[in-house]
Amino acid sequence: MKTLSEEKETNDTGLSSVSSSRGEYHDNIPSDQTNGDNMQTIPANEAASLSTDVIINRIDVNPRKGLSTLEAQRRRRIHGHNEFDISEDEPLWRKYIGQFKDPLIMLLLASAVVSVLMSQYDDAVSITVAITIVVTVAFVQEYRSEKSLEALTKLVPPSCHCIRDGKLEDFLARDLVPGDIVQLSIGDRIPADMRLLEAVDLAVDESSFTGEIEPSNKTTVQQPPYKNGRLTTHKSIAYMGTLVRCGRGKGVVIATAEDSQFGEVFKMMQAEEAPKTPLQKSMGILGKQLSFYSFCIIGFIMFLGWMQGRKLLDMFTIGVSLAVAAIPEGLPIVVTVTLALGVMRMAYKNAIVKKLPIVETLGCVNVICSDKTGTLTKNEMTATAIYTSDFKYAEISGVGYNNDGEVVCEKEEVRGNSHPSIARVVEVGCICNNAEIRNDVLYGQPTEGALLSLAMKMDLDGVRNQNTRVMEIPFSSETKWMAVKCISHTSNSKDEVYYMKGALERVLNQCTTFYHHNNKILPLTEDDIGKYAGEAKMMGRAGLRVLGMAMGTDPNALSFVGLVGIIDPPRPGVIEYIQTLLGSGVAIKMVTGDSVETAVAIASRLGLYAEGSRYMAGEIGRASCRERV
């Protein structure tokens, strides 16, 4: 077993070396970029494999002074603004004319023209009025929806902290260009694809790409190109549209707008042609059928008149009159007004519908495939259970990063140190923690936010301020735990105490004793470890993520204090919505990257899985379907 002291030795010297990774770059690059011809965007996969020296030379920028204003303007003329062109602005008259492309509308227009030629002005006027009502209502409704969407995008324009002319200033994200140096801190939305030059405890929420709630820890170390397209493998790249959960960093912009990884997704979406809705398909078929039957009627009437020796012009006139009469000019009005009423009802539900026929499409849905993280769940972690080292179990209520809820053990509410063994678990989770909660907003990793809100529910969130942190060893994929060394302000003893949290089996490896509620420290036996592992397995089957907690003065002989079960809770109202949809005959499929056990547990909570239901598991392209007996 690798000892904690050995872990520290492998991480060079002290806290700064293990909690931060900095790219090395030279300071002899000119501040005025005159070699702009070498400037180019660099794909994320390629940039991840290059050193920071190579990147800043290729992108042609001084990493400490940034671009000059003139150089930034020159690059913007080449690359354009850092924003997506959703669509070309069409004049209003062209948008209005576009409403006439519907097959049934075109058939009614033809009928109106024929009615005028045949001097049937009453029919021509009625058909024209019907067409005008239909086209105008659809145009006005869609125009209002477009303006509402435009207004939403302008409410809070994204901004960033950028170094220009040697000064750190706030800029609109749309003004960034390749080569800009951007500073990152907790809560920042990353404005463009960036190659990281500095990363200090930097963790980024990439759920907008991967769907995974766990933030990706970032570094400046170059990596070999990855060929299967997994974005999370590029630890040295910060992707446009992702969110900084904790730490800080600095990066150079390597791609903006449509050249970014997010832009690649955008271009694929734009290349897809919008499919016709069921209603549009039905109306198209109806228009073609009416046209066909109209010509058949005209031909049949003319044939009968020719057989009877009548004038063909008279027969043609009669046939056309019958054909025009067969066209339901009121149908488009009924359909359009009904759809417009549906759009208005959706607006009352705070949903904007851009195209009228989309409303009808919602009623035709019979299968919904939904992502789990952030859609069915809240994309935030919440502690729901505590199991202490002296085998006590406590339930936790409330959701969100706040103090709403309570901790209950044996039907008794737990507050402060009323239950010492439970308090020890909560204290470790609060002290061994880098997150902050301000005004119910989390700044940090969701898992640590869950532990901090748990401390708030027990009025123990102030315990972190009663300790001075001397050293931190951050979580890594190798150790699977995080530890801090602190000195207490309130204790008479000035001993340095280690606090550790992480994967249960790894934490237990560092423990030789366990804490008892009578302030006793008892030897940790194999039987005790088996009980803790069994409880952790039960929590895992319930869909909980389990964290073990320990503390002590000897980093290689800690005292185990307990474990905490954490879950990403369902969004409010989701369970009711699911039941409504299932009752309406709509099948719902949950898509997630979780393990089978966790996925089944969460689906059961949501009412999507019952004993005997089927699920599909495995890698894409090699998935297997299994039936649970």
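The structure displayed is predicted, hence computed values, not measured ones.

**Q** Any chance you could explain the pattern of salt bridges here in plain terms?
**A** It is possible for side chains of opposite charge to pair when their charged atoms get near one another. Applying the stated criterion across every chain yields a total of 17 salt bridges. The salt bridge involving arginine 174 is made with glutamate 83; its shortest N-O contact spans 2.9 Å. In this pair, arginine 174 is assigned in the loop between β3 (167-172) and β4 (181-184) and glutamate 83 in the loop between α5 (69-79) and α6 (92-98), connecting sequence segments 91 residues apart. Note on arginine 174: relative accessible area 32%, which makes it partly exposed. A salt bridge links glutamate 472 to arginine 469; its shortest N-O distance comes to 3.0 Å.

**Q** Could you clarify how one ought to interpret the packing of helix α11 (residues 278-307) against helix α13 (residues 331-348) in this entry?
**A** Helix packing for two helices is described by the angle between their axes and how far apart those axes are. Across the interface, α11 lies against α13 with an axial gap of 13 Å and an inter-helix angle of 175°. In this view, α11 runs roughly antiparallel relative to α13, as classed from their interaxial angle. Contact residues: α11 offers Leu279, Met283 and Leu286, while α13 offers Leu331, Val335 and Leu339. The class makeup of the residues in the contact of α11 with α13 is 6 nonpolar, no polar and no charged.

**Q** Which parts of the structure should I look at to understand the nonpolar core?
**A** In globular proteins that are soluble, nonpolar side chains generally tend to be buried together. Ranked by size, the top nonpolar core spans 41 residues in total, and within it Ile386, Tyr499 and Val564 carry the most contacts. The element best represented in this core is helix α16 (residues 420-431), accounting for 7 residues. Among all residues touching valine 564, those that are not within four sequence positions of it are Ala383, Ala385, Ile386, Val425, Leu451, Leu454, Met539, Arg545, Val546, Leu547 and Met549. Residues Met471, Ile473, Tyr532 and Met539 belong to the second largest nonpolar core, which totals 24 residues.

**Q** Even after reading the chapter, I still don't get the packing of aromatic side chains, so can you show me in this structure?
**A** The description of an aromatic ring pair uses the distance of the two centres, along with the angle that the planes make with each other. Scanning all chains against the criterion turns up 7 aromatic pairs. Here phenylalanine 303 and tryptophan 306 contribute two aromatic rings whose centre-to-centre distance is 6.2 Å and whose plane-to-plane angle is 35°, an arrangement assigned as tilted. Within this pair, phenylalanine 303 and its partner tryptophan 306 are both found in helix α11, separated by 3 residues, close to a single helical turn. Classification of phenylalanine 303 as partly exposed rests on a relative accessible area of 45%. Aromatic side chains tyrosine 387 and phenylalanine 391 sit 6.4 Å apart centroid to centroid with 55° between the ring planes, which places their arrangement in the tilted category. Residue classification places phenylalanine 391 among the partly exposed residues on the basis of a relative accessible area of 32%. Ring pairs connect the aromatic residues Tyr387, Phe391, Phe514, Tyr532 and Phe560, which therefore count as one cluster. When the ring centre of phenylalanine 171 is taken as reference, the NZ or CZ atom of arginine 164 above it lies at 4.6 Å. Geometry around phenylalanine 391 places lysine 531 over its ring, the cationic atom sitting 4.8 Å from the centre.

**Q** Looking at this model, I keep getting lost on unusual backbone geometry. Mind explaining?
**A** What you tend to see is this: most non-glycine residues have negative phi, and most peptide bonds are trans. The backbone of glutamate 410 shows a phi angle near 55°, a positive value even though the residue is not glycine. Classification of glutamate 410 as exposed rests on a relative accessible area of 67%. Located in the positive-phi region is asparagine 439, a residue other than glycine, with phi close to 55°. Looking at where asparagine 439 falls in the secondary structure, it is placed in the loop between β14 (436-438) and β15 (441-443).

**Q** What exactly am I supposed to notice about the confidence of the model for the chain here?
**A** The predicted coordinates ought not to be read in detail in places where the model reports low pLDDT. Across the chain, the average pLDDT comes to 80, with 86% of residues at 70 or higher. In this model residues 1-38 is a low-confidence stretch, pLDDT under 50, and it forms 85 contacts with partners more than four residues away in sequence or in other chains. The low-confidence segment residues 620-629 (pLDDT under 50) makes 21 contacts with residues lying over four places distant or belonging to another chain.

Rules and cut-offs
- Residues numbered from 1 in each chain as written.
- Predicted model: local features only at pLDDT ≥ 70, side-chain atom pairs only at ≥ 80, totals over all residues.
- Heavy atoms only, no water.
- Salt bridge = Lys/Arg side-chain N within 4 Å of Asp/Glu carboxyl O.
- Helix = DSSP H or I, 4+ residues; strand = E, 2+ residues; numbered from the N terminus.
- Buried < 20%, exposed > 50% of the residue type's maximum accessible area, 1.4 Å probe, protein only.
- Axes fitted to C-alpha atoms, helices over the stretch in contact; angles between N-to-C directions.
- Parallel < 35°, antiparallel > 145°, perpendicular 65-115°, else oblique.
- Contact = heavy atoms within 4.5 Å.
- Nonpolar A, V, L, I, M, F, W, Y, C, P; charged D, E, K, R; others polar.
- Core = buried A, V, L, I, M, F, W, Y, C linked by side-chain atoms within 4.5 Å.
- Phe/Tyr/Trp six-rings, centres within 6.5 Å; stacked < 30°, edge-to-face > 60°.
- Lys NZ or Arg CZ within 6 Å of the ring centre and 35° of its normal.
- pLDDT = per-residue confidence, 0-100.

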